[in-house]
Amino acid sequence: MTVTDTRGPIAPGLAPKKRWLTATVREVTIETPRVRSLVLDVPGWPGHRAGQHVDVRLTAPDGYQAQRSYSIASAPAANTITLTVEMLPDGEVSSYLAGEVQVGDKFELRGPIGGYFVWTPELEGPVFLVAGGSGIVPLMAILRERAAKGALLGAMQPARLIYSSRTYEDIIYRAELEQLAGPGTGLAVVHTLTRGTPAGWTGLARRIDAMMLAEAGIPPDQMPRIFICGPTPLVETVAFTLRELGHSLKLIKTERFGPTGK
Ligand SMILES: Cc1cc2nc3c(=O)[nH]c(=O)nc-3n(C[C@H](O)[C@H](O)[C@H](O)COP(=O)(O)OP(=O)(O)OC[C@H]3O[C@@H](n4cnc5c(N)ncnc54)[C@H](O)[C@@H]3O)c2cc1C
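Residues numbered from 1 in each chain as written. Predicted model: local features only at pLDDT ≥ 70, side-chain atom pairs only at ≥ 80, totals over all residues.

A few points about the pairing of strand S4 (residues 65-71)
Next up, step 1: Where strand S3 (residues 53-59) meets S4, seven bridges bridge the pair, whose relative direction is antiparallel. Residue pairing for S4: Val 54 is matched across the bridge by Tyr 70.
Next up, step 2: Between S3 and S4, which pair antiparallel one after the other, the connecting turn spans five residues, and Gly 63 there sits at a positive phi close to 95 degrees. (Pairing = 2+ DSSP bridges. Helix = DSSP H or I, 4+ residues; strand = E, 2+ residues; numbered from the N terminus.)

Printed below as a string of structure tokens:
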């Protein structure tokens, strides 16, 4: 989709977080063969909390518009956010954002949206994150925020991430995750690969299951705050299994990205 000048009129009376803002692409990073991160300058951005998302609206020259939700990957900051988008086959919006977009391009977004799937450093207790594919994006905002602010608020609470990717090349933020989980950080990252492993791989190589959640996760008696994000079937299976393992429903938050788990 070609994007024209997308600055639309702002409807009077709408609360600031509902207004469409113009985002300008400042930086494009290739994360994996199918995933790109876009650093966006968004004048007027009101700030956000880790876990929230935005609506993105693209407008074609003939006026046709398409709108999708994208999680915010960056820790809270003024006037800038980062989105990370996976290109889906024939995806109307993702093929633009993760394929064609260039530095300097503009499109509209509004937000931040969502007050439920949110983590702030003031929250007590360990954090247990489970991601599938691009479901890592809002969880990365949590980990970035935890690294940036957690230490300032005293001892960092333990954190665990179980992250399912198709292949090693498909692991988004691989190097940064390794860095965030360095000695003394209290974070452990466990990768599992579902569609093939590279030579010498000694990690997990299956879909997330009860044994993996029990052995690699934070046990229920530590009452971790749990955030699960990814394709709908993964999210539902993991949430159900964690309940079976004894985790409290009240501490489990889920975000579903899409209709399939293919
Ligand atoms: C709250 C929220 C946050 C999201 N955050 C992100 C994010 O940070 N990064 C990201 O890449 N995506 C994210 N998504 C998914 C995103 O909104 C779009 O659904 C996705 O980019 C596909 O849009 P599209 O226009 O490219 O595909 P479409 O043209 O709408 O669909 C193309 C094909 O892909 C299928 N499809 C659509 N969406 C998905 C999906 N998510 N998974 C698998 N198949 C799908 C459709 O059924 C269709 O067959 C988020 C979704 C939600 C609800």
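This is not the end of the story, as more comes after the structure.
Brief notes about the domain arrangement of the protein
Bring the parts together and some accessible area is lost; that lost area is often taken as the interface size.
Next up, step 1: If you check the domain split of the protein, you get domain 1 (16-113) and domain 2 (127-256).
Next up, step 2: A C-alpha centroid distance of 24 Å is found between domain 1 and domain 2.
Next up, step 3: For the side of domain 1 that touches domain 2, the secondary-structure elements that each account for two or more residues are strand S1 (21-32) and strand S5 (80-86).
Next up, step 4: Class assignment for the residues of the side of domain 1 that touches domain 2 results in seven nonpolar, six polar and two charged. (Domains from an automatic or database assignment. Nonpolar A, V, L, I, M, F, W, Y, C, P; charged D, E, K, R; others polar.)

Looking at the site of the ligand
Next up, step 1: By nearness alone, 23 residues border the ligand, and Gly 91, Glu 92, Val 93, Ser 94 and Gly 258 come closest of all.
Next up, step 2: If you list the elements that add at least two residues to the shell around the ligand, you get S4, S5 and helix H1 (94-100).
Next up, step 3: Element by element, the count of residues in the shell around the ligand is highest for S4, at four residues.
Next up, step 4: Looking at side-chain class alone, the shell around the ligand contains eight nonpolar, ten polar and five charged residues.
Next up, step 5: Looking at which domains feed residues into the shell around the ligand, each of domain 1 (16-113) and domain 2 (127-256) supplies at least three. (Near = placed C-beta within 6 Å.)

Considering the sheet that holds strand S8 (residues 159-165)
Next up, step 1: Overall, parallel pairing links the five strands, which are arranged S9-S8-S7-S10-S11 in an open sheet. The outermost strands of the open sheet, each flanked by one partner alone, are strand S9 (187-193) and strand S11 (252-256). Within the sheet, the average angular offset between the axes of one strand and its neighbour, ignoring direction, is 10 degrees.
Next up, step 2: Across seven bridges, S8 lies against S9 in parallel orientation. Across the sheet, residue Leu 161 finds its bridge partner in S9, namely Val 189.
Next up, step 3: Contacts between helix H2 (residues 136-149) and the sheet are confined to strand S7 (127-132), S8, S9, strand S10 (225-230) and S11, with S7 contributing the most and set at about 150 degrees to the helix.
Next up, step 4: Sitting on the sheet, helix H5 (residues 232-244) is in contact with S7, S8, S10 and S11, with an inclination near 155 degrees to S10. (Axes fitted to C-alpha atoms, helices over the stretch in contact; angles between N-to-C directions. Contact = placed C-beta atoms within 7 Å.)

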